[in-house]
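Fold and geometry: a report
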Amino acid sequence: MADQFSRTRLLLGSGGLERLKAARVAVFGLGGVGSYVVEALCRSGVGTLDIIDDDRIALTNLNRLLYATLENVGQPKTEVVKARIASICPNTVVNAHACFYLPETADRFDFSQYDYVADAIDTVSGKLQLVMQAHEANVPIISSMGAGNKLDPSAFEVADISKTSVCPLARVMRRELRKRGVEHLKVVYSKEPPLTPLDPEPEPDAAHAKRQTPGSCAFVPSVAGLIMAGEIIRDLCGISRTNQ
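Residues numbered from 1 in each chain as written. Predicted model: local features only at pLDDT ≥ 70, side-chain atom pairs only at ≥ 80, totals over all residues. Heavy atoms only, no water.

Notes on the pairing of strand β1 (residues 24–28)
- Among the five residues that make up β1, five are buried, leaving the element largely enclosed by the rest of the structure.
- A two-sided burial pattern is seen for β1, the buried positions comprising Arg-24, Ala-26 and Phe-28 on one face and Val-25 and Val-27 on the other.
- Sheet analysis places β1 next to strand β2 (residues 48–52), joined by five bridges and oriented parallel. By the bridge assignment, Val-27 is partnered in β2 with Ile-51.
- One crossover worth recording links β1 to the parallel β2 by way of helix α2 (residues 34–44), and it is right-handed.
- Where β1 and strand β4 (residues 116–119) come together, four bridges link them in parallel fashion. Its bridge partner lying in β4, Val-25 is registered against Tyr-116. (Buried < 20%, exposed > 50% of the residue type's maximum accessible area, 1.4 Å probe, protein only. Helix = DSSP H or I, 4+ residues; strand = E, 2+ residues; numbered from the N terminus. Pairing = 2+ DSSP bridges. Right-handed = clockwise from strand over helix to strand, strands pointing away.)

Thoughts on the layout of surface pockets
- Taken as a whole, the second largest pocket spans an internal volume of roughly 290 Å³.
- A per-element tally of the lining of the second largest pocket places helix α1 (residues 6–22) first, with five residues.
- When its residues are assigned to classes, the lining of the second largest pocket shows five nonpolar, seven polar and three charged. (1 Å grid on protein atoms, 1.4 Å probe; cavity = no way out; pocket = protein on both sides within 12 Å on 5 of 7 lines; lining within 4 Å. Points joined across faces, edges and corners; volume = space filled by probe spheres on them. Nonpolar A, V, L, I, M, F, W, Y, C, P; charged D, E, K, R; others polar.)

Details of the side chain of Asn-61
- You can see Asn-61 is positioned in the loop between β2 and α3 (77–88).
- Classification of Asn-61 as buried rests on a relative accessible area of 6%.
- Not counting chain neighbours up to four residues away, the residues in contact with Asn-61 comprise Arg-56, Ala-68 and Lys-77. (Contact = heavy atoms within 4.5 Å.)

Notes on the nonpolar core
- Judged by nonpolar contacts, the single largest core of 42 residues is most densely connected at Val-25, Val-37, Val-38, Leu-41, Leu-49 and Ile-232.
- Among the elements of the structure, α1, β1, α2, β2, α3, β4 and α6 (221–237) are those that each provide at least two residues to this core.
- A total of seven residues in this core trace back to one element, the largest contributor, which is α6.
- Setting aside chain neighbours within four positions, we find Leu-41 in contact with Val-25, Val-27, Val-46, Leu-49, Ala-229, Ile-232 and Ile-233. (Core = buried A, V, L, I, M, F, W, Y, C linked by side-chain atoms within 4.5 Å.)

Some points on the environment of Ala-22
- Tracing the sequence through the fold places Ala-22 in helix α1.
- When its relative accessible area of 64% is taken as the criterion, Ala-22 is described as exposed.

Describing the packing of α2 against α3
- In contact at an axis separation of 10 Å, α2 and α3 are set at 25° when each is read in the N-to-C sense. The angle between α2 and α3 places the two elements in the roughly parallel class. Remark: the crossing between α2 and α3 carries right-handed chirality. For the pair formed by α2 and α3, the contact residues are Val-38, Glu-39, Cys-42 and Arg-43 on the first element and Val-81, Arg-84, Ile-85 and Ile-88 on the second.
- Residues that form the contact of α2 with α3 fall into these classes: five nonpolar, no polar and three charged. (Axes fitted to C-alpha atoms, helices over the stretch in contact; angles between N-to-C directions. Parallel < 35°, antiparallel > 145°, perpendicular 65-115°, else oblique. Left-handed = near helix turned anticlockwise from the far one by under 90°.)

A word on unusual backbone geometry
- Positive phi outside glycine occurs at Asn-149, with the angle close to 60°.
- As for its placement among the helices and strands, Asn-149 is situated in the loop between β5 (141–144) and β6 (156–160).
- Accessibility expressed as a relative area gives 18% for Asn-149, which makes it buried.

So this is what it looks like as C-alpha cells:
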C-alpha cells in the first residue's frame, strides 16, 4: 500500500526507513543551510528532530530560507519550522529549542541523546564547541563551512576537514581543531573563492556592527543543506558510496 515514503523505500529499503524512524537528529541553525537540512530529514522519515535557533524570520531571509514567507516575518524560526514539519509529517517528534548555541549555552544540550548532529551555525566559537561536544559524546557530526559570498552550487564537496582548501572558514576550523586535538571532521565545503559583496550594507544587528554582511542567494546554501542531509541519511542507513 502506498504511503508518503513509498518512493524513498524503493531506494533505502524498509530497514533503512526503520533506522531513520528510530533516529534522533539535532540540527543547530535554521538559516539558509539548516532550513534545507531539516526539510530533507523530515521528508525522509527521521523520527525525532531537535531544532535549535533563537532568531526570528526577517525580511532579508526571504531570498534563501525554505520556510520564510511574507506572512511569517517576525515569527520565531523554531515555531515556524515546527509547524511546517507537522504539516508534512505529523508523526515526527520535534523538540524546538529557542536558543543560540554558544559555549555559554552548550550545557543545555545532552548530546548522548542524539544519533547525529548537523552543524549549520555561523559562529566559529559555536562550531568548535559543537564539534568538541559531539566528539566527547561519540556522536557523528557534519559541519557546513562557508556558504556566503558564493554563486557556484556545483563547487560543494564532502570531505574531511584535513583535506579542505580555499575556504577561509574551513582553514580557521582546521587550525583551531588541531589545537584541540581533533584531526578529523566531516564537512561540506566549497572551493569557490568568496566573492566581494557589491555595495556592502552595514550589519543591522548592533552586536555585529563591525562584521560585513555576507551576500547570499537562494541556490547556494540550499545545496549545501541538501548535501548535508544526504550524508546524514546515508550514514544512518549504513549506505556507503561504494555500495552503489
